[in-house]
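Descriptive structure summary
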Amino acid sequence: MADAPPTSAGDLRELGFEHLAAVLDLGHRVYDTDAMPYTGWSLSAVAGHLDTPDSACLVMLDGDRVAGFVLGSLSFEQRADWGYLEWIAVDPDFQGRGVASRLVKECCARLAAAGAVCVVTDVERRNSASAELMRRNGFTEQATVSLFVRPLGEGHDMGDGDAHASAASRRHFTRAAERIR
């Protein structure tokens, strides 16, 4: 018999070293890096958030289990007064229970307390659930950016399931996104 799904999650805490493995695992289970190759994160990228002052990186716990997380930082691109909600994920067992909204609200509150005048985030265009989450929490769509990909070399059509080319592309975009952050 399968375990019964959890009924609630409610222990909101700052991201700590003890949460890193669970955060990475949850992020990789929830996000489709084929749709947005730069949504995959490395251990060093997530752990780097632990060294920042005014942390807006949180986990929602159900006992010892990470039910969801959010990574936020103060400064977006060249705007030191803008906060950036970088990555959020909720375990499928906890979706639809207000976990994501609670994480978004607390992340934004902490960014505001640290001096942010606004918070930006990005959502993959087909991810209607995340887009609606952001709208419910006061975000409005301001700009649309398209990711353009140009396969190089013969036989590397990105749509043909070539695992090597796809993995190389994900690694490249992950490194590129880390440099931007």
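What comes next is a walk through the structure. All chains use their own residue numbering, which begins from 1 and follows the written sequence. Given that this is a predicted model, residues contribute local features only at a pLDDT of at least 70 and side-chain atom pairs are listed and counted only at 80 or more, while totals for whole chains, interfaces and linings are drawn from all residues. Each side-chain value is worked out from all heavy atoms of the structure, with water and hydrogens disregarded.

Here's the deal with the overall build of the protein
What the protein contains, in helices and strands, is 5 helices and 5 strands. The way it works is that DSSP assigns letters per residue, a run of H or I at least four long becomes a helix, a run of E at least two long becomes a strand, and they are numbered from the N terminus. Each helix and strand of the protein, placed in order from N terminus to C terminus, yields the pattern β-α-α-β-β-β-α-β-α-α. Here, residues are in contact when the closest pair of their heavy atoms is within 4.5 Å. A sequence separation of at least 24 residues applies to 67% of the contacts in the protein between residues at least 6 apart. Per-residue and other accessible areas were derived by the Shrake-Rupley procedure at a 1.4 Å probe size, with only the shown protein chains allowed to occlude residues. Surface accessibility of the protein: about 10,900 Å² in total, with carbon and sulfur atoms responsible for 51%.

With respect to the pattern of salt bridges
The salt bridge definition used is simple: a Lys or Arg side-chain nitrogen within 4 Å of an Asp or Glu carboxyl oxygen. According to the stated counting rule, one finds 11 salt bridges in the structure shown. Across the pair Glu106 and Arg110 runs a salt bridge whose closest N-O atoms are separated by 2.8 Å. Of this pair, Glu106 and Arg110 both sit in helix H3 (residues 99-113), 4 residues apart, which is roughly one turn of that helix. Using a relative accessible area of 25% as the deciding quantity, one classes Glu106 as partly exposed. Judged by its relative accessible area of 26%, Arg110 falls in the partly exposed class. The salt bridge involving Arg126 is made with Glu124; its shortest N-O contact spans 3.0 Å. Each residue gets one of three labels from its accessible area relative to the maximum for its type: buried under 20%, exposed over 50%, partly exposed in between, using a 1.4 Å probe on protein chains only.

Quick word on the packing of aromatic side chains
Ring geometry is summarised as follows: Phe, Tyr and Trp rings, the Trp one being its six-membered ring, pair when their centres sit within 6.5 Å, and such pairs are stacked at plane angles under 30 degrees, edge-to-face over 60 and tilted between the two. This structure, assessed with the given rule, holds 4 aromatic pairs. Taking the centre distance of 5.9 Å and the plane angle of 40° together, the rings of Tyr31 and Trp87 count as tilted. Taken as a pair, Tyr31 in the loop between helix H1 (20-30) and helix H2 (43-47) and Trp87 in strand E4 (residues 79-90) lie far apart in primary sequence, 56 residues in all. Its relative accessible area of 21% is what places Tyr31 among the partly exposed residues. The exposure class of Trp87 is buried, given its relative accessible area of 2%. Consider the rings of Phe69 and Trp87, whose centres lie 5.0 Å apart with planes at 70°: the pair is edge-to-face. You can see Phe69 sitting in strand E3 (residues 65-76) and its partner Trp87 sitting in strand E4, a full 18 residues away along the chain.

Brief notes about the side chain of Ser55
Checked against the element boundaries, Ser55 lands in the loop between H2 and strand E2 (58-62). Taking the relative accessible area as the measure of exposure, Ser55 reaches 17% and is therefore buried. Polar side-chain contacts of Ser55 include one of 3.2 Å to the backbone nitrogen of Cys57. With near-sequence residues (within four places) excluded, Ser55 lies in contact with Glu14 and Arg110. N or O atoms within 3.5 Å of each other form a polar contact, as long as, within protein, one can give a hydrogen and the other can take it, and as long as residues adjacent in sequence are counted only when both atoms are side-chain atoms.

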